[in-house]
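# Understanding the architecture of this molecule
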Amino acid sequence: MSESIEPAINEILRLSRRVVEDENELKALFTTSGIVLKDDWTFQSIGGDSEACLRRLLVNLSVHPVAKIAAKKVLSDHGVDL
């Protein structure tokens, strides 16, 4: 699963930035999920269990249903089954 995580998270970030107006809020959603981003809005690292962090991200994205649906599709497309 770890090989699929970085490109999946980068794609989720790209899509989420299109639908979430407040970038600070979006960054906070990723940070509180345990996902660390670089200054250029790309994946840097994941803190702890990657599956747990991705599950937390989906829960956190619930406040933005379109972003959550897109994230679930991206994860599925990258072979990440939660």
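Here is a short report on the structure shown in this document. As the structure is a prediction and not an experimental result, all values here were calculated from the model.

## A closer look at the pattern of salt bridges
- If you walk through the whole model with that rule in mind, you get three salt bridges.
- The salt bridge partner of Arg17 is Glu23, with a shortest N-O separation of 2.8 Å.
- Among the residues examined, Arg17 registers a relative accessible area of 34% and is labelled partly exposed.
- Take Glu23: its relative accessible area is 33%, and that puts it in the partly exposed class.
- Of the charged contacts in the structure, one is a salt bridge between Lys73 and Asp77, with a shortest N-O distance of 3.0 Å. Taken together, the residues Lys73 and Asp77, both in helix α4 (residues 65–77) and four residues apart, mark about one turn of the helix. Of the two residues, Lys73 and Asp77, both sit in the exposed class.

## A few points about helix α2 (residues 23–32)
- Every buried residue of α2 is accounted for by Leu26, Leu29 and Phe30. For α2, the buried positions fall inside an angular range of 95° around the axis, keeping them on one side. In α2, the exposed positions angled more than 90 degrees off the buried face are occupied by Asn24, Thr31 and Thr32.
- The backbone nitrogen of Asn24 has a side-chain oxygen 3.0 Å away, supplied by the residue at the start of α2, namely Asp22.
- Looking at the residues trailing α2, positive phi occurs at Gly34, about 90°.

## What about the pairing of strand β2 (residues 43–46)?
- As judged from the three bridges shared by strand β1 (residues 35–37) and β2, these two strands associate in the antiparallel manner. Pairing of Leu37 across the sheet is with Phe43, part of β2.
- Counting the residues in the hairpin turn of β1 and β2 gives five residues, including Trp41, whose phi is positive at 65°.

The rules behind the values
- Residues numbered from 1 in each chain as written.
- Predicted model: local features only at pLDDT ≥ 70, side-chain atom pairs only at ≥ 80, totals over all residues.
- Heavy atoms only, no water.
- Salt bridge = Lys/Arg side-chain N within 4 Å of Asp/Glu carboxyl O.
- Buried < 20%, exposed > 50% of the residue type's maximum accessible area, 1.4 Å probe, protein only.
- Helix = DSSP H or I, 4+ residues; strand = E, 2+ residues; numbered from the N terminus.
- Arc of directions from axis to C-beta.
- Polar contact = N/O pair within 3.5 Å; in protein donor to acceptor, adjacent residues only side chain to side chain.
- Pairing = 2+ DSSP bridges.

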